[in-house]
Amino acid sequence: MTPDGPIKLVSQLLDLPLLDSEGKYCGIVDDVELRGRPGQDVQLRALIVGPSAYKGRLPGWCMWLVKKVAGARETRVSMEDVRTISSVVHLKRPGPELGLNKSENAARRWLPNKGAL
Amino acid sequence: MNPLELTLGIMTAVGGFVDISELVFAAKAGSKFGYALIWVFALATLGIIIFSEMSGRVAAVAKQPVFNLMRHRLGLKLGLLTLAASIVSNLITCAAEIGGVSLILNYLTGAPYVLMAIGMTAVFVTSIWVLPFQWIERVYGLLGLFMIVFAAALVAIRPPWNQIGGGFVPQVPAGLTNKELLTFGYFTVAIISAVMFPYEVYFYSSGGIEEGWGPKDMLTNRLTSVLGMALGSLLAISILASSAQLFGPVNVDPEIPGSAALEAAIPFGKWGLILALLGMLFAVAGAAVETCMANAYSISQFFGWVWGRHKKPWEAPRFTITWIILFLLALAIVLTGVDVMMLVEFAVLFSILVLPLTYLPLLVLAGDKTYMREYANGPIAKVLGWLYFAIITGAAIAAVPLFVLTSGGNG
């Protein structure tokens, strides 16, 4: 499926994992940004990635817990950066170029880079 | 398909099949109900074969591990609930396995239990950090093959093979009181849970993706699931049958994991005992590693983090930090001094509650031709899949009342 064709948002896009151009996981489609008006076609503008995007999908107390555990980061990935949508969403560029994987890089500082075969 | 790789894969699955819960419940089931619960092991083994094969197929074709599917299919709310329940279930199971390993080492060396728990957790963390994925899987799985001594011990004590064969026929023993019937029901549910632990499917499907399975690996997946699980299950059934023959008639209740090792000591003496304890040690240690890794896989896949032990630990940092923290949490549970047997009981109870939610999205996706193309579930896989889904749902509904009414199978 290509990003400019018709998409069933919930069954074909929401909660799918994102893979960047280097084949690395870099988040989940947590929400979407739409453009349109009543009576007009709705256009998919961007994918929203990050725990802050759970707002509206989870009860308030749950959001408080999610923010405490996972933080409140939110990244917008334009649909122009989406290559294809299948059982995963393939992106055209590496995650860091799109502002993804920041938490991953922050976590890397906690680990020694040696000792593994 | 490389025959050596395939053989190693099957042997790894055999050696890694038995964990602390199966050890305990097989021995207790044989002692309490003779051969009458063998059919439950056979039934549950067919179930885990079906779902493992399905998860391996989905991993090979859709390249999707279980928790990615779960969130997409169940939605964020129900997905989070399943994730939370599965974290608790796997964490308790991991603690039970660490406790089990420490007890076995205590039997073997006489060293203090607490010291063994701390030492083995350090060994697990170090081995996962240092070894590549395939080595982790194989070291523990292949050394777990010492468990074959249980099958040899069963042959050596010359059991009534016709009665063992009869145990494969679904049955409820005649003449049980209501209380005993409830206990039989609890053991039925507990064995289904112990054999079909959700962590096994999380670990298996994630492992398939780690090893880069594709449609060409379909036969490897099928043979590893069927032969590995079936032969592994025969080891568990050997423990049950030996217990029925040796412990049942003299009213010995094999309450602690070490009792099962006596089944090999009776026919083979000291070396039988040592081999049995070594087999148990590596099998349970392998299960500790699998449960912890399965938990880290689940969390990372649910949130879309970089995951996998095919990468160096620092290349998947959140995944690595997660499995280290989970090991420390499991160790903390063990260090509270909680009884290992109680952990086993709770591990089994929590797991059966999570099972339906684990297997539903897998079943739905494995049957979805959009993703699975010609590899989607055929009519037999569909019927068996939904039949087993009904069985585990029934078992999940019955689990808590049976646990309460029988005080965890203790009557």
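The rules behind these values
Residues numbered from 1 in each chain as written. Chains lettered and ligands numbered in written order. Predicted model: local features only at pLDDT ≥ 70, side-chain atom pairs only at ≥ 80, totals over all residues. Helix = DSSP H or I, 4+ residues; strand = E, 2+ residues; numbered from the N terminus. Buried ≥ 20, exposed ≤ 12 C-beta atoms within 10 Å, placed from the backbone. Contact = placed C-beta atoms within 7 Å. Rg over C-alpha atoms; globule rule 2.2 N^0.38 Å. Pairing = 2+ DSSP bridges. Axes fitted to C-alpha atoms, helices over the stretch in contact; angles between N-to-C directions. Nonpolar A, V, L, I, M, F, W, Y, C, P; charged D, E, K, R; others polar. Expected span 1.5 Å × (residues − 1). Core = buried A, V, L, I, M, F, W, Y, C linked by C-beta atoms within 7 Å. Parallel < 35°, antiparallel > 145°, perpendicular 65-115°, else oblique. Left-handed = near helix turned anticlockwise from the far one by under 90°.

Visitor: How do you make sense of the overall build of chain A when you look at a structure like this?
Guide: Check the secondary structure of chain A and you find three helices and seven strands. Along the first, second and third principal axes, the C-alpha set of chain A runs to 60 × 35 × 20 Å. Within chain A, the proportion of its 117 residues that are buried is 28%. When contacts within chain A are restricted to residue pairs at least 6 apart in sequence, long-range pairs at least 24 apart make up 44% of them.

Visitor: Even after reading the chapter, I still don't get the overall build of chain B, so can you show me in this structure?
Guide: Along the backbone of chain B there are 16 helices and zero strands. The C-alpha radius of gyration of chain B comes to 20 Å, within 12% of the 22 Å expected for a compact globule of 411 residues. Its C-alpha atoms give chain B principal-axis dimensions of roughly 55 × 45 × 45 Å. The buried share among the 411 residues of chain B stands at 58%. Within chain B, contacts between residues separated by at least 24 positions form 86% of all contacts whose residues are at least 6 apart in sequence.

Visitor: Any chance you could explain the sheet that holds strand S1 (residues 17-19) of chain A here in plain terms?
Guide: The strands that make up a sheet pair up through hydrogen bonds in the backbone, lying either parallel or antiparallel. Residues and elements named next belong to chain A. An order of S2-S1-S7-S6 is seen for the four strands of this open sheet, with the pairing classed as mixed. At either end of the open sheet lies a strand with only one pairing partner, and these are strand S2 (25-28) and strand S6 (82-85). Taken pair by pair, the neighbouring strands of this sheet meet at an average axis angle of 25°, ignoring direction. As paired strands, S6 and strand S7 (residues 89-91) are joined by three bridges and run antiparallel to one another.

Visitor: Could you clarify how one ought to interpret the interface of chain B and chain A in this entry?
Guide: How big an interface is tends to be stated in terms of accessible area lost as the parts join. Taken together, the contacts link 26 residues of chain B with 23 residues of chain A. Those elements giving two or more residues to the side of chain B that touches chain A turn out to be helix H4 (66-109), helix H5 (113-130) and helix H13 (317-335) of chain B. Here the side of chain B that touches chain A gets six residues from one element, more than from any other, and that element is H4(B). Classifying every residue of the side of chain B that touches chain A gives 15 nonpolar, six polar and five charged.

Visitor: Honestly, the sheet that holds strand S3 (residues 31-35) of chain A in this entry has me stumped. Any pointers?
Guide: Residues and elements named next belong to chain A. Taken in spatial order, the three strands of this open sheet run S3-S4-S5, and their pairing is antiparallel. On the outer flanks of this sheet lie S3 and strand S5 (75-78), each paired with one strand and no other. Between one strand axis and the next, the sheet turns through 30° on average, direction left out of account. Relative to S5, strand S4 (residues 43-49) runs antiparallel, the two sharing four bridges. What sits directly across from Ile48, in S5, is Arg76.

Visitor: Where do I start with helix H10 (residues 198-210) of chain B in this structure?
Guide: Side chains of residues three or four places apart in an α-helix project in the same direction, reflecting 3.6 residues per turn. All names here are of chain B. With 13 residues, H10 should cover 18 Å at 1.5 Å per step; its first-to-last C-alpha distance of 18 Å lies within 8% of that length. Within H10, 13 of the 13 residues are buried, which leaves the element mostly enclosed by the surrounding structure. Looking one or two residues past H10, Gly212 carries a phi angle of roughly 70°, positive in sign.

Visitor: How should the nonpolar core be read in this particular structure?
Guide: The nonpolar side chains of soluble globular proteins are, as a tendency, buried together. All names here are of chain B. Membership of the largest hydrophobic core comes to 165 residues, with the highest contact counts inside it found for Ile191 and Leu240. A per-element tally of this core places helix H12 (residues 257-303) first, with 24 residues. For Ile191, the residues in contact, after removing those within four places along its chain, are Phe25, Ala29, Leu37, Val40, Phe41 and Ala44.

Visitor: How do you make sense of unusual backbone geometry when you look at a structure like this?
Guide: Leaving glycine aside, a negative phi is the common case for residues, and trans is the common case for peptide bonds. In the Ramachandran plot, A:Asn101 falls in the positive-phi region, its phi being about 65° despite a non-glycine side chain. Its location among the elements puts A:Asn101 in the loop between S7 and helix H3 (102-108). Notably, B:Arg158 is not glycine yet its phi reads approximately 50°, a positive angle. Structurally, B:Arg158 is set in the loop between helix H7 (148-156) and helix H8 (161-166).

Visitor: Sorry if this is basic, but what is going on with the packing of H4(B) against helix H14 (residues 340-366) of chain B here?
Guide: Helix packing geometry: the angle between the two helix axes and the distance between the axes. Residue and element names in this part refer to chain B. Contact geometry for H4 and H14: axes closest at 8 Å, N-to-C directions at 155°. Classified by the angle their axes make, H4 and H14 are roughly antiparallel. When you trace H4 past H14, the crossing you get is left-handed. Partitioned by chemical class, the residues of the contact of H4 with H14 number 23 nonpolar, eight polar and one charged.

Visitor: What exactly am I supposed to notice about helix H2 (residues 20-33) of chain B here?
Guide: Between the first and last C-alpha of H2(B) there are 20 Å, a value that for 14 residues agrees with the 20 Å anticipated at 1.5 Å per step. Positive backbone phi, at 60°, marks B:Gly34, one or two positions downstream of H2(B).

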